[in-house]
Amino acid sequence: MSLAQEKTAPSPIQSVSRALDILELIARRGGEMSLAEISDGLGLNNSTCHHLIKTLMSRNYLRPGTARGRYILGSQVVLVAEAVNIKAELPLRARPILERLNQLTEETVHLAVLHGDEMITLVKKDALHALRVDSGSIGKSTALYATATGKVLLAGLDDDHIRRLMALHGMRKFTANTITNLNALFEELNRVRNDGYSRDDEEFQRYVVCIGAPIYGVNGKVIASLSVSTPINRASNEHLEFIKTEVIDAATQLSLNR
């Protein structure tokens, strides 16, 4: 390949560029515009603009606006934005809530997301006690089925997606309590969905109990998981009930579908 060929940018596909122009224009103009306003703003004829809008509407990037002939950004735009922003935006927004949760429970706090086929812990705050849980550090993990944090993320997926993840990573037995059977895992995840929180009873580490809760995006789907871990010697029923209440409350504050 010549140097001239390397420097030549690929030619943009006109219809794709115009569709993106429409989305960007509507976003810059406050999120809602009429067909005439879009056509004028981009210098396109009404017919071309209308065909592009119909395509964007069929994929939920646009939807009908507040009046006939007006259009607003659709749910797919939000989905794309969440996927881009979550790892950067969520830890910053969560910081004061995680600080408070850490202070209230005095236990180890984790904030995690599913990225591709792995769980990534974005934030970890250590317990305030001298005796604390050594629950790993910030980074990647594939043991979603064995942790409260991971169970919350799995509970937000469909069964086929869960099967694929378990087939990809396997279900290693970490302790005597680890769930290593797929049917048992599905039963556990149904409980998580019904109860609104997850629990890890010494399933990943001996002598460690963890409770997790889901953080939802604007579309009602799970986008992250918040959890608190405590050593077994502090895991009284009263303390665990307190942790559960505070974790659910903190996760609700961070959710975008309230």
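This text gives an overview of the structure that appears in the document. What you see is a predicted model; the values in this text were computed from it and never measured. (Residues numbered from 1 in each chain as written. Predicted model: local features only at pLDDT ≥ 70, side-chain atom pairs only at ≥ 80, totals over all residues. Heavy atoms only, no water.)

1. What about the environment of Leu 42?
Thought 1: The topology assignment puts Leu 42 in helix 3 (residues 35-42).
Thought 2: Classification of Leu 42 by relative accessible area gives partly exposed; the value is 25%.
Thought 3: Residues Leu 42 and Leu 25, spaced 17 residues apart in sequence, show a C-alpha to C-alpha distance of 8.1 Å.
Thought 4: Dropping the residues within four chain positions of it, Leu 42 is found in contact with Arg 18, Asp 21, Ile 22 and Leu 25. (Helix = DSSP H or I, 4+ residues; strand = E, 2+ residues; numbered from the N terminus. Buried < 20%, exposed > 50% of the residue type's maximum accessible area, 1.4 Å probe, protein only. Contact = heavy atoms within 4.5 Å.)

2. Comments concerning the nonpolar core
Thought 1: One finds Leu 98, Leu 101, Leu 111, Ile 215, Ala 224 and Leu 226 to be the most contacted residues of the largest nonpolar core, which totals 26 residues.
Thought 2: Counting residues per element, the ones that place at least two in this core are helix 5 (75-105), strand 4 (108-115), strand 5 (118-125), strand 8 (208-216), strand 9 (222-231) and helix 9 (237-254).
Thought 3: If you tally residues by element for this core, the top one is helix 9, at six residues.
Thought 4: The next biggest cluster of nonpolar side chains, apart from the first, holds 18 residues, and it includes Leu 153, Ala 155, Leu 165 and Met 171. (Core = buried A, V, L, I, M, F, W, Y, C linked by side-chain atoms within 4.5 Å.)

3. Section: the packing of helix 3 against helix 4 (residues 46-58)
Thought 1: Where helix 3 meets helix 4, the closest approach of the two axes is 9 Å, and the angle between their N-to-C directions is 115°. With respect to helix 4, the axis of helix 3 lies roughly perpendicular. In this structure, helix 3 crosses over helix 4, and the sense of that crossing is right-handed. The residues of helix 4 that touch helix 3, namely those facing Leu 35, Ile 38 and Ser 39, are Asn 46, Cys 49, His 50 and Ile 53.
Thought 2: Taken together, the residues of the contact of helix 3 with helix 4 sort by class into four nonpolar, three polar and no charged. (Axes fitted to C-alpha atoms, helices over the stretch in contact; angles between N-to-C directions. Parallel < 35°, antiparallel > 145°, perpendicular 65-115°, else oblique. Left-handed = near helix turned anticlockwise from the far one by under 90°. Nonpolar A, V, L, I, M, F, W, Y, C, P; charged D, E, K, R; others polar.)

4. Brief notes about the pattern of salt bridges
Thought 1: Taken as a whole and judged by the stated rule, the model has 13 salt bridges.
Thought 2: A salt bridge links Arg 234 to Glu 107; the shortest N-O distance between them is 2.7 Å. Of this pair, Arg 234 sits in the loop between strand 9 and helix 9 while Glu 107 sits in the loop between helix 5 and strand 4, and the two are 127 residues apart along the sequence.
Thought 3: The salt bridge involving Arg 163 is made with Asp 160; its shortest N-O contact spans 3.1 Å. Here Arg 163 pairs with Asp 160, and both are found in helix 7 (residues 159-169), just three residues apart, close to one helical turn.
Thought 4: Judged by relative accessible area, which is 39%, Arg 163 ranks as partly exposed.
Thought 5: Residues participating in the shared-partner salt-bridge network are Lys 151, Glu 188, Arg 191 and Glu 203. (Salt bridge = Lys/Arg side-chain N within 4 Å of Asp/Glu carboxyl O.)

5. A word on the sheet that holds strand 1 (residues 32-34)
Thought 1: With antiparallel pairing, three strands are arranged side by side in an open sheet as 1-3-2. Each of the sheet's edge strands pairs with one partner strand only, and the pair in question is strand 1 and strand 2 (62-64). Neighbour to neighbour, the strand axes of the sheet diverge by 35° on average, direction disregarded.
Thought 2: Across three bridges, strand 2 lies against strand 3 (residues 70-73) in antiparallel orientation. (Pairing = 2+ DSSP bridges.)

6. Things to note about the pairing of strand 7 (residues 198-201)
Thought 1: Where burial is concerned, the two faces of strand 7 differ: the one with Ser 198 and Asp 200 is buried and the one with Arg 199 and Asp 201 is not.
Thought 2: With four bridges joining them, strand 7 and strand 8 adopt antiparallel strand pairing. Among the inter-strand pairings, Asp 201 is bridged to a residue of strand 8, identified as Val 209.
Thought 3: What sits between the antiparallel neighbours strand 7 and strand 8 is a turn of six residues, in which Glu 202 has the positive phi angle 55°.

7. Details of unusual backbone geometry
When glycine is set aside, most residues are seen to have a negative phi, and most peptide bonds are trans.
Thought 1: If you check the backbone angles, Glu 202 has positive phi at about 55° while not being a glycine.
Thought 2: Structurally, Glu 202 can be placed in the loop between strand 7 and strand 8.
Thought 3: By relative accessible area, Glu 202 is classed as partly exposed at 22%.
Thought 4: At Tyr 207, a position not held by glycine, the phi torsion is positive, near 70°.
Thought 5: On the secondary structure map, Tyr 207 appears in the loop between strand 7 and strand 8.
Thought 6: In this structure Tyr 207 comes out as partly exposed when scored by relative accessible area, which is 47%.

8. Section: the pairing of strand 4
Every other side chain in a regular strand lies on the same face of the sheet, so the side chains alternate between the two faces.
Thought 1: Within strand 4, six of the eight residues are buried, which leaves it mostly tucked inside the rest of the structure.
Thought 2: Here strand 4 pairs with strand 9 via five bridges, running antiparallel. Residue pairing across strands places His 110 opposite Ser 227, the latter belonging to strand 9.
Thought 3: The pairing of strand 4 with strand 5 spans seven bridges and is antiparallel. Within the sheet, the bridge partner assigned to Val 109 lies in strand 5 and is Lys 125.
Thought 4: Adjacent in sequence and paired antiparallel, strand 4 and strand 5 are bridged by two residues, among which Gly 116 carries a positive phi angle near 65°.

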